[in-house]
Amino acid sequence: MAKIETKDVNLFYGDFHALKGIDMQMEENTVTALIGPSGCGKSTYLRLLNRMNDLIDNVKITGQILIDGEDIYRKGINVDELRIKVGMVFQKPNPFPKSVFENVAYGLRVNGINDKHIVEETVVRSLKHAALWDEVQDKLHKSAFELSGGQQQRLCIARALAISPSVVLMDEPASALDPISTAKIEELIYELKKDYTIVIVTHNMQQAGRVSDFTGFFYLGELVEYGRTADIFTSPKKHQTENYITGRFG
């Protein structure tokens with residue numbers, strides 16, 4: 001059974017048909033990159049997977065989105081629980097105005113976990129998992145805003161990991177970062193797939209090629225092509241995909 005499956009998914013913003021009949025299957029412990037020009041629907045699709053589009057007025061969604069076989073849009077589903085299971089990391093680092101420690105502990109406290117030992121263990125484990133512990137172990141009680149941009153983004157990843165999701169969504173997680181920080185985020189993504197299923201939106205073709213197992217090319221709200229990254233980048237089946245990857249448009 002696929003970890004994530006979308007069946008004939010359509011999304012409308014009012015009268016605008018933003019996503020058109022999207023069918024995708026993503027396996028457990030893989031990285032899937034979503035590529036395509038700006039405004040093609042890839043971030044909209046990503047936000048469907050933890051119901052972030054629910055926060056936008058006048059959105060209508062049809063089709064099915066299954067995570068671990070469960071339809072996440074069925075009536076009665078607990079959206080807060082879904083968002084624990086499906087973590088999200090945004091384009092720009094968005095640490096809270098709190099200490100490094102409290103940024104990571106935040107999700108635990110919100111969910112009623114206040115046992116000192118459990119919180120401490122989880123914070124340390126999450127920072128280690130996000131490849132940040134060695135850099136911040138002496139700064140745990142300093143403001144998260146004192147960290148560099150790349151460190152702040154890894155802190156946001158640690159915060160997402162602390163609540164033990166099974167899926168991590170990343171919306172251009174390195175686009176605001178310098179090349180060295182970007183390389184660290186890419187290494188981290190590669191490591192994290194051992195424990196998580198990762199879906200990443202990226203404008204960076206080379207990044208998609210480096211970090212992902214599968215790639216989906218979106219254009220004008222349609223999923224033009226989806227397959228193994230090596231196949232998409234070396235022998236795409238569709239001309240549109242080839243044109244985009246070789247830089248002829250987009």
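Relevant structure appears above.
Thresholds applied
- All residue numbers refer to position in the chain's written sequence, counted from 1.
- The predicted origin of the model limits local features to residues at a pLDDT of at least 70 and limits the giving and counting of side-chain atom pairs to 80 or more, whereas totals for whole chains, interfaces and linings rest on all residues.
- Note: side-chain values were computed over all heavy atoms of the structure, leaving out hydrogens and water.
- Only buried residues count toward a nonpolar core, which is a set of Ala, Val, Leu, Ile, Met, Phe, Trp, Tyr and Cys residues joined through side-chain atoms within 4.5 Å.
- Buried, partly exposed and exposed residues are distinguished by accessible area as a fraction of the type maximum, computed with a 1.4 Å probe on protein chains only: under 20%, between the cut-offs, and over 50%, respectively.
- Runs of E in the DSSP output that reach at least two residues are strands. Runs of H or I that reach at least four are helices, and both are numbered from the N terminus.
- Two residues form a contact once any of their heavy atoms are found within 4.5 Å.
- The criterion for strand pairing is that DSSP finds at least two bridges linking the strands in question.
- Between the rings of Phe, Tyr and Trp (Trp by its six-membered ring), a pair exists once the centres lie within 6.5 Å; its type follows the angle of the planes, with under 30 degrees stacked, over 60 edge-to-face, and the other angles tilted.
- Put simply, a charge is over a ring when the Lys NZ or the Arg CZ is close to the ring centre, within 6 Å, and near the line of the ring normal, within 35 degrees.
- To define axes, lines are fitted to C-alpha atoms, for helices over the stretch in contact only, and angles between the resulting N-to-C directions are given on a 0 to 180 degree scale.
- In the cavity and pocket records, a cavity denotes points on a 1 Å grid over the protein atoms alone where a 1.4 Å probe fits but cannot get out, a pocket denotes an open set with protein on both sides within 12 Å along at least 5 of 7 lines, and lining residues are residues with an atom within 4 Å of a point.
- Grid points are joined across faces, edges and corners, and a volume is the space filled by probe spheres set on the points.
- By the convention adopted, Pro, Cys, Tyr, Trp, Phe, Met, Ile, Leu, Val and Ala count as nonpolar, Lys, Arg, Asp and Glu as charged, and the other residues, Gly among them, as polar.

1. Topic: the nonpolar core
Step number 1: Judged by nonpolar contacts, the single largest core of 44 residues is most densely connected at L127, L155, I157, M170, I189, L192 and I198.
Step number 2: It is helix α6 (residues 149–162) that provides the largest number of residues to this core, a total of six residues.
Step number 3: Dropping the residues within four chain positions of it, L192 is found in contact with H129, I157, L161, M170 and I198.
Step number 4: L11, M88, V167 and V201 belong to the second-largest nonpolar core, a separate cluster that totals 27 residues.

2. Some words on the pairing of strand β9 (residues 214–219)
Step number 1: Taken across its six residues, β9 has five buried, putting it largely inside the fold.
Step number 2: Examined bridge by bridge, strand β3 (residues 31–35) and β9 share four bridges and lie parallel to one another. Bridge pairing in β9 places L34 opposite G216.
Step number 3: In terms of strand pairing, β9 meets strand β10 (residues 222–228) through six bridges, oriented antiparallel. Each bridged residue has a counterpart across the sheet, and for F218 the counterpart in β10 is L223.

3. Observations concerning the packing of aromatic side chains
The description of an aromatic ring pair uses the distance of the two centres, along with the angle that the planes make with each other.
Step number 1: A complete count under the given rule lists five aromatic pairs for this structure.
Step number 2: Considering the side-chain rings of F214 and Y226, the 6.2 Å spacing of their centres and the 40 degrees angle between planes classify their relative orientation as tilted. One end of the pair, F214, is in strand β9; the other, Y226, is in strand β10, with twelve residues separating them in the sequence.
Step number 3: Classification of F214 by relative accessible area gives buried; the value is 15%.
Step number 4: Here F217 and Y244 contribute two aromatic rings whose centre-to-centre distance is 5.1 Å and whose plane-to-plane angle is 25 degrees, an arrangement assigned as stacked. Separated by 27 residues along the polypeptide, F217 in strand β9 and Y244 in helix α10 (residues 239–245) bring together distant segments of the chain. For the pair shown, F217 and Y244 are each scored as buried.
Step number 5: Ring pairing ties together the aromatic residues F217, Y219 and Y244, which thus form one cluster.
Step number 6: R159 extends its terminal NZ or CZ atom over the ring of F96, reaching a point 4.0 Å from the ring centre.

4. Thoughts on the sheet that holds β9
Step number 1: If you trace the six strands from one edge of the open sheet to the other, you get β6-β7-β8-β3-β9-β10, paired in mixed fashion. Strand pairing shows two members of the sheet lacking a second neighbour, β6 (86–89) and β10, which therefore form its edges. Averaged over all pairs of adjacent strands, the angle between their axes in this sheet comes to 15 degrees, without regard to strand direction.
Step number 2: Most of the contacts of α6 go to β6, to which it runs at about 170 degrees, and overall it touches β6 and β7 (167–171).
Step number 3: Of the strands in this sheet, β3, β7 and β8 (197–201) touch helix α7 (residues 179–192), which is tilted by about 150 degrees from β8.

5. Let's talk about the layout of surface pockets
Step number 1: Here the largest pocket defines a volume of roughly 590 Å³.
Step number 2: Lining the largest pocket are 21 residues, and of these R83, M88, F96, Y106 and I163 sit closest to its centre.
Step number 3: Of all the secondary-structure elements, those providing two or more residues to the lining of the largest pocket are α2 (79–85), β6, α3 (100–110) and α6.
Step number 4: Considering each element in turn, the lining of the largest pocket owes the most residues, four residues, to β6.
Step number 5: Here the lining of the largest pocket is built from residues that sort into 13 nonpolar, five polar and three charged.

Nothing here speaks to function; it is all geometry.
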